[in-house]
Amino acid sequence: MARWCARAGWPVHPLAPAQKTPPANCADCKEHHAPATCPCRAAGRWCHGFHAATTAPGLIDAWWSAQPRFGVGVSCGPADLVILDVDSHAAQVPERARLLPGIPIGPQVDLAGLATGFDTLALLAALRGEQDPAADETTLRVRTPSGGLHIWYRNPHPATRYRSSTGSSPRTALAWQVDVRSDNGYIVAPGVRTTAGDYVPVSAVRQPAPLPAWLAAELKRTGHVPEAVSPSRTSPGIPAAPIRRSRPATRAAERLLEPLLAEVAACRTVSEGASFTEKLNRAAYTAGGLVEGGHLSGAEARSLLAETARTARPHQERRNLMVIESALSAGAQRPLHPRGSS
């Protein structure tokens, strides 16, 4: 499966045997550092999950020969994939305003029976007069062990990038219980078997179709396309406002964030009663302020927080991401400028 994905041009990385999360980092990587500067990648190790993904046949053979029980993850961004992860979890249905962010749903719309991401995605498609992506027989669709569905699409315009998101995010979401996997995200490859069950293709289609134009428009509307300021939009003779650019963390930001990440990582030795969620929330809130203050890139903040949370609570990744996104959003309302950052 790893070789098949790589031949399709999709960079792959190992997943822990029978799990949907990456295997543990090596001992040197248990203390956190930016994946981009980690020497393990150059040395051919699989540390840092999707950051290590590759299409190199020799590396793939070495990894899966060393551990044949590894599952296969696909790094979505480098593969130019946009995947809708439709959940069918039993959960409290939120208020109408949160079902389809940015789209008012009036009381005349009967929501009786709405319970999962299948329903919200179908509702979005119906409101737009389009086919429900869950029924799109032209593209690869994979049934998940929990009864959800991965709907694979190819980004036909790679110059346009798409953010990953969770369907419960208060800031960037396509629909309730519909996650988006693209840049800075990964997906379990079809055919992988976990303790929860198998990831099974729905039909004979094994390739992703181009992302439908209407879905691309919805992703842009809901904030999944990073904004850019075009020089043509500025008035002649009036200097453009400075653009905050993604850059490595400043040393002052690292000093502020490192002890908070260490508190989260330390929870791995305590299964209960460690206040893990509170500590992760505090770290992510602080990171959100640093990002908004221009001292840390959003991508690096999410990567550091997700990796740290995964080492401490590897079997609740979805919940970890929900906490991270919510706290980052809240922290961004109060930009931070740590001492020594000037």
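This one's a predicted model, so the numbers in the text were calculated from it and none came from an experiment.

Trainee: What exactly am I supposed to notice about helix H4 (residues 117–128) here?
Mentor: An α-helix turns once per 3.6 residues; consequently, residues spaced three or four apart project the same way. The terminal C-alpha atoms of H4, which comprises 12 residues, lie 17 Å apart, in line with the 16 Å expected from a rise of 1.5 Å per residue. Where H4 is buried, its residues touch strand S3 (81–86), strand S5 (149–154), strand S6 (178–181) and helix H5 (213–221). Regarding H4, its N-cap is threonine 116, as a side-chain oxygen of that residue lies 3.2 Å from the backbone nitrogen of phenylalanine 118 further along.

Trainee: What is the right way to look at the packing of aromatic side chains in this model?
Mentor: Each aromatic ring pair is characterised by the separation of its centres together with the angle its planes make. Under the criterion given, the structure shown has seven aromatic pairs. Here the aromatic rings of tryptophan 64 and phenylalanine 70 are separated by 6.4 Å at their centres, their planes lie at 80 degrees, and the arrangement is edge-to-face. Phenylalanine 70 shares its class with tryptophan 64; the two are buried. The rings of Trp46, Trp63, Trp64 and Phe70 are connected pair by pair, giving a single aromatic cluster.

Trainee: Help me understand the packing of H4 against H5 in this model?
Mentor: The packing of two helices is summarised by the inter-axis angle and the distance between the axes. Two elements in contact, H4 and H5, have axes separated by 12 Å at closest approach and are oriented at 110 degrees. Overall, the two elements H4 and H5 adopt an arrangement that is roughly perpendicular. Only Trp214, Glu218 and Arg221 of H5 make contact with H4, whose side of the interface consists of Leu124, Ala125 and Arg128.

Trainee: Is there a simple way to explain unusual backbone geometry in this structure?
Mentor: Leaving glycine out, the prevailing phi sign among residues is negative, and the prevailing peptide bond configuration is trans. Even without being glycine, histidine 48 reaches a positive phi, approximately 75 degrees. Within the secondary structure, histidine 48 is located in the loop between helix H2 (39–42) and helix H3 (57–66). A positive phi is found at aspartate 80, a non-glycine position, where the angle reads about 55 degrees. For aspartate 80, the location among the structural elements is in the loop between strand S2 (71–75) and S3.

Trainee: I would appreciate a short explanation of the nonpolar core in the present structure.
Mentor: Inside soluble globular proteins, nonpolar side chains tend to come together where they are buried. Among the nonpolar cores identified, the biggest contains 30 residues, and Leu84, Ile151, Leu174 and Leu211 are the most heavily contacted of them. If you list the elements that add at least two residues to this core, you get S3, H4, S5, S6 and H5. Ignoring anything within four residues of it in the chain, the contact list for leucine 84 reads Leu121, Pro133, Leu149, His150, Ile151, Tyr153, Leu174, Val178, Asp179, Val180 and Leu215. Within the second largest apolar cluster, 27 residues are counted, among which are Ala6, Cys76, Ala79 and Leu81.

Criteria and cut-off values
- Residues numbered from 1 in each chain as written.
- Predicted model: local features only at pLDDT ≥ 70, side-chain atom pairs only at ≥ 80, totals over all residues.
- Heavy atoms only, no water.
- Helix = DSSP H or I, 4+ residues; strand = E, 2+ residues; numbered from the N terminus.
- Expected span 1.5 Å × (residues − 1).
- Contact = heavy atoms within 4.5 Å.
- Polar contact = N/O pair within 3.5 Å; in protein donor to acceptor, adjacent residues only side chain to side chain.
- Phe/Tyr/Trp six-rings, centres within 6.5 Å; stacked < 30°, edge-to-face > 60°.
- Buried < 20%, exposed > 50% of the residue type's maximum accessible area, 1.4 Å probe, protein only.
- Axes fitted to C-alpha atoms, helices over the stretch in contact; angles between N-to-C directions.
- Parallel < 35°, antiparallel > 145°, perpendicular 65-115°, else oblique.
- Core = buried A, V, L, I, M, F, W, Y, C linked by side-chain atoms within 4.5 Å.

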